[in-house]
Amino acid sequence: MGALKVAKQAFITGASRGIGQAIVKRLQAEGLEVIAPSREELDLSSLAAVRCYLDAHSGLKPDILINNAGENIINPIQKITMNDWERMFTINLSSAFLLLQTFAPRMAEKGWGRIINVSSCYGLVSRAGRAAYSASKAGLLGLTRTVAIEFGPHNVLVNAICPGFVETDLTRKNNTEDQLKVLCEQTALKRLASPAEIAEFVGFLASDQNTFITGQSLTIDGGFTIQ
Ligand SMILES: NC(=O)c1ccc[n+]([C@@H]2O[C@H](COP(=O)([O-])OP(=O)(O)OC[C@H]3O[C@@H](n4cnc5c(N)ncnc54)[C@H](OP(=O)(O)O)[C@@H]3O)[C@@H](O)[C@H]2O)c1
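Read on for a plain summary of the structure. (Residues numbered from 1 in each chain as written. Predicted model: local features only at pLDDT ≥ 70, side-chain atom pairs only at ≥ 80, totals over all residues. Heavy atoms only, no water.)

### Quick notes on the packing of helix H1 (residues 18-29) against helix H7 (residues 195-205)
Next up, step 1: Running from amino to carboxyl end, H1 crosses H7 at an angle of 50°, the nearest separation of the two axes being 8 Å. Our classification of the angle between H1 and H7 gives oblique. Considering the relative orientation of H1 and H7, their crossing is right-handed. Facing Gly-18, Ile-19, Ala-22, Ile-23, Arg-26 and Leu-27 of H1, the residues of H7 in contact are Pro-195, Ala-196, Ile-198, Ala-199, Glu-200, Val-202, Gly-203 and Phe-204.
Next up, step 2: When grouped by side-chain class, the residues that make up the contact of H1 with H7 number 10 nonpolar, two polar and two charged. (Axes fitted to C-alpha atoms, helices over the stretch in contact; angles between N-to-C directions. Helix = DSSP H or I, 4+ residues; strand = E, 2+ residues; numbered from the N terminus. Parallel < 35°, antiparallel > 145°, perpendicular 65-115°, else oblique. Left-handed = near helix turned anticlockwise from the far one by under 90°. Contact = heavy atoms within 4.5 Å. Nonpolar A, V, L, I, M, F, W, Y, C, P; charged D, E, K, R; others polar.)

In structure tokens form, the structure reads like this:
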């Protein structure tokens with residue numbers, strides 16, 4: 001009789017809707033166990049709350065971490081308050097760092113791990129009003145590279161994805177219908193992505209099938225950034 005195969009466990013933030021929700025569906029379809037705390041359980045805008053959550057769940061040893069939650073407060077440089085700047089860095093970068101700092105060593109102990117940081121095409125290029133978003137998402141790309149180097153010897157593969165425009169609440173909140181038309185026009189495939197298309201890619205990166213991609217900023221944008 002062969003050894004019983006234990007399902008891998010994934011931990012994901014921001015899974016109440018949008019891309020995160022689609023990722024959960026994709027991972028569960030593969031038979032993975034998914035831990036997806038709500039904002040009420042794990043508020044990423046407070047580092048104290050993140051530390052408190054991690055202390056209260058000190059036995060957690062996920063095989064896969066997906067830092068997906070993100071926020072985008074749009075303002076021109078002159079109007080960005082320090083509060084908003086810090087909030088965006090806390091949610092988009094520092095909380096992801098704390099989760100990763102806690103879970104990556106536990107993956108290393110097991111000799112297998114996959115971390116996917118959800119950045120953005122605006123971590124690579126930018127647009128007016130996106131300074132805090134772009135800077136925090138670009139920071140996530142730098143963090144991804146360093147963690148990939150430090151944990152590579154332990155078979156923990158760490159990647160960031162840079163989605164273009166995806167049909168979610170975030171995209172609708174931050175763009176008018178006319179702006180969306182222009183963005184689709186500027187995208188080679190002439191349309192938005194569905195959350196399921198992003199989830200498919202994350203599912204691959206989180207799996208055993210990804211054996212040699214690490215430290216990368218992988219663009220999935222329908223050809224938005226090529227022109
Ligand atoms: N949509 C796009 O076109 C696009 C493109 C590039 C990158 N991205 C990135 O992809 C990720 C997911 O985006 P999405 O479009 O799916 O966003 P979304 O529909 O707005 O969903 C955001 C998710 O993050 C959670 N979240 C936000 N702030 C949080 C906080 N302080 N604490 C805990 N959870 C929090 C939300 O929880 P609640 O439901 O409680 O609010 C929700 O589950 C983000 O990092 C975003 O920057 C999106």
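Moving on from the coordinates now.
### Remarks on the state of the cysteines
Next up, step 1: Evaluated as defined, the whole model comprises zero disulfides.
Next up, step 2: Free of any disulfide, Cys-121 has its nearest cysteine sulfur in Cys-162, 7.8 Å distant. (Disulfide = S-S within 2.5 Å.)

### What to know about the side chain of Thr-13
Next up, step 1: Note on placement: Thr-13 falls in the loop between strand S1 (9-12) and H1.
Next up, step 2: With a relative accessible area of 3%, Thr-13 lands in the buried category.
Next up, step 3: A distance of 3.0 Å separates the side chain of Thr-13 from the backbone nitrogen of Ala-69, its partner in a polar contact. (Buried < 20%, exposed > 50% of the residue type's maximum accessible area, 1.4 Å probe, protein only. Polar contact = N/O pair within 3.5 Å; in protein donor to acceptor, adjacent residues only side chain to side chain.)

### Remarks on the nonpolar core
Next up, step 1: Ranked by size, the top nonpolar core spans 29 residues in total, and within it Phe-11, Leu-65, Leu-99, Phe-103 and Ile-115 carry the most contacts.
Next up, step 2: Mapped onto this core, the elements with two or more residues apiece are helix H2 (47-56), helix H3 (82-110), helix H4 (131-151) and strand S5 (156-163).
Next up, step 3: With 11 residues, the single largest contributor to this core is H3.
Next up, step 4: Dropping the residues within four chain positions of it, Phe-103 is found in contact with Phe-11, Leu-54, Leu-60, Pro-62 and Leu-65.
Next up, step 5: One finds Val-24, Val-118, Ala-193 and Leu-205 within the second-largest nonpolar core, a separate group that totals 24 residues. (Core = buried A, V, L, I, M, F, W, Y, C linked by side-chain atoms within 4.5 Å.)

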